[in-house]
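Descriptive analysis of the structure
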Amino acid sequence: MLFDTHAHYDDDWFDEDRDTLLASMPEKGVGLIVNPGITLETSRFAISMAEKYPHVYAAVGIHPENCHDFVPEHIDVLRELAKHHKVVAIGEIGLDYYWPENPSRELQQQAFRAQLALAQELSLPVIVHDREAHADTLAIVKEFPIVTGVFHCYSGSVEDARTLVKMGWMLSFNGAATFKNARKAPEVITELPMEHLMIETDAPYLAPVPYRGKRNDSGYVHLVAEKIAQIKAMTVDEVVRITAENGKRFFGIK
Ligand code: NI
């Protein structure tokens, strides 16, 4: 059974066929999906999909690109949403310094710290987005030594990966690791102990080769497992099994 640990089915790219697609996943071998929210609204939507499908779980959080209007009261809303029995993490949270139109770094950091504090309070793991903000992201998660999480679509160095592993964190990889120009990800995957690795799609984005540029969905997550198997010289079955076990342990899914 494949576990897609990060997919955004709230995205309007799925408006036409969301239900058919989600319902078809178990027969495609995808037994579990975690859908992180990126706003309060999409966090609620993630919960509604998790209520509908036994194989779908939700995470709730405000993405750094969407924290323009962040106020501490949003944490109270997330706290209530996180009480739902199918919410398994706080996410997607973090820092994104890539886009110039993003909220200010100060505001992103404020929202990130507040959501890490919420995860600590609720004893939930976090799903972290880090784009072009490696040093600050790592420094801020280190302020919360009790909290563990996953760096999704990991794009940092081998050295930072080692630090995160020592802290008990997970790293997850998606279609970006299959791209021709992907250099760092294969290097990190080679070094990374198997028990700290998870797979994801980040659907609808980052479709793996040979579907690069097309709409992504969890049905392609096996291509990520195949890439990891190739890098680690393991069988695809082993990668599928171990990454699914890791995901279940990490998110506390029985
Ligand atoms: Ni995402």
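Preceding this section is the structure that the text describes.
Just so it is clear, the model here is predicted, and its values are computed rather than measured. (Residues numbered from 1 in each chain as written. Predicted model: local features only at pLDDT ≥ 70, side-chain atom pairs only at ≥ 80, totals over all residues. Heavy atoms only, no water.)

A word on the overall build of the chain
A tally of helices and strands in the chain yields 9 helices and 8 strands. What you see for the chain is a C-alpha radius of gyration of 17 Å, in line with the 18 Å of a compact globule of 254 residues. Looking at the chain as a whole, 57% of its 254 residues are labelled buried. Partitioning the contacts of the chain with sequence separation of at least 6, the portion at a separation of at least 24 is 71%. Looking at the chain as shown, the accessible area adds up to about 11200 Å², and 52% of this sits on carbon and sulfur atoms. (Helix = DSSP H or I, 4+ residues; strand = E, 2+ residues; numbered from the N terminus. Rg over C-alpha atoms; globule rule 2.2 N^0.38 Å. Buried < 20%, exposed > 50% of the residue type's maximum accessible area, 1.4 Å probe, protein only. Contact = heavy atoms within 4.5 Å. Areas by Shrake-Rupley, 256 points an atom, 1.4 Å probe, with all protein chains shown as cover.)

What to know about the pairing of strand E2 (residues 30-36)
Of all 7 residues in E2, 6 are buried; the element is thus mostly enclosed. With 3 bridges connecting them, strand E1 (residues 2-4) and E2 associate as parallel partners. Along E2, the bridge assignment pairs Phe3 with Leu32. Crossover handedness for the path E1 to helix H1 (residues 18-24) to E2: right-handed. Bridging between E2 and strand E3 (residues 56-60) involves 4 bridges; their strand directions are parallel. Following the sheet pairing, Ile33 is matched in E3 by Val56. (Pairing = 2+ DSSP bridges. Right-handed = clockwise from strand over helix to strand, strands pointing away.)

Some details on unusual backbone geometry
Residue Pro204 is bonded to the preceding Ala203 through a cis peptide linkage, with omega at 10°. Mapping Pro204 onto the fold places it in the loop between strand E8 (197-199) and helix H8 (221-232). The residue after Val209, namely Pro210, is reached through a cis peptide bond having omega 10°. Relative to the helices and strands, Pro210 is located in the loop between E8 and H8. One non-glycine residue, Ser123, adopts positive backbone phi at about 55°. Of note, Glu132 is a non-glycine position whose phi angle comes to about 55°, a positive value.

Let's talk about the side chain of Lys232
Mapped onto the elements, Lys232 comes out in helix H8. Among buried charged residues, Lys232 stands out as having no salt bridge; its nearest opposite-charge side chain is Glu195, 8.3 Å away. If sequence neighbours within four positions are ignored, Lys232 has contacts with Ile189, Thr190, Glu191, Leu192 and Met194. (Lys, Arg positive; Asp, Glu negative; His and termini not counted. Salt bridge = Lys/Arg side-chain N within 4 Å of Asp/Glu carboxyl O.)

Comments concerning the coordination of the nickel ion
Bound to the nickel ion are the protein donor atoms His6 (NE2), His8 (NE2), Glu92 (OE) and Asp202 (OD), situated 2.1 to 2.5 Å from the metal. Geometry at the nickel ion is irregular, judged from the 4 donor atoms that bind it and their angles of 83 to 172° at the metal. (Donors = N, O, S within 2.8 Å, 3.2 Å for Na, K, Ca; no water. Tetrahedral: all angles 85-135°; square planar, octahedral: opposite > 155°, others 65-115°.)

Regarding the sheet that holds E1
What the 8 strands build is an open sheet, ordered E1-E2-E3-E4-E5-E6-E7-E8; its pairing is parallel. The open sheet has two free edges, formed respectively by E1 and E8, since each of these has just one partner strand. The mean angle between the axes of side-by-side strands here comes to 25°, regardless of whether they run parallel or antiparallel. (Axes fitted to C-alpha atoms, helices over the stretch in contact; angles between N-to-C directions.)

Some details on the pattern of salt bridges
This model, assessed by the stated rule, comprises 9 salt bridges. A salt bridge links Glu80 to Lys83, with the shortest nitrogen-to-oxygen separation between them at 2.9 Å. Residue Lys83 is classed as exposed on the basis of its relative accessible area of 57%. In this structure, Arg162 and Glu191 form a salt bridge, with 2.9 Å as the shortest nitrogen-oxygen distance. Taken as a pair, Arg162 in helix H6 (residues 158-166) and Glu191 in helix H7 (residues 184-191) lie far apart in primary sequence, 29 residues in all. Since its relative accessible area comes to 47%, Glu191 is described here as partly exposed. Connected through shared salt-bridge partners, Asp76, Arg79 and Glu121 make up one network.

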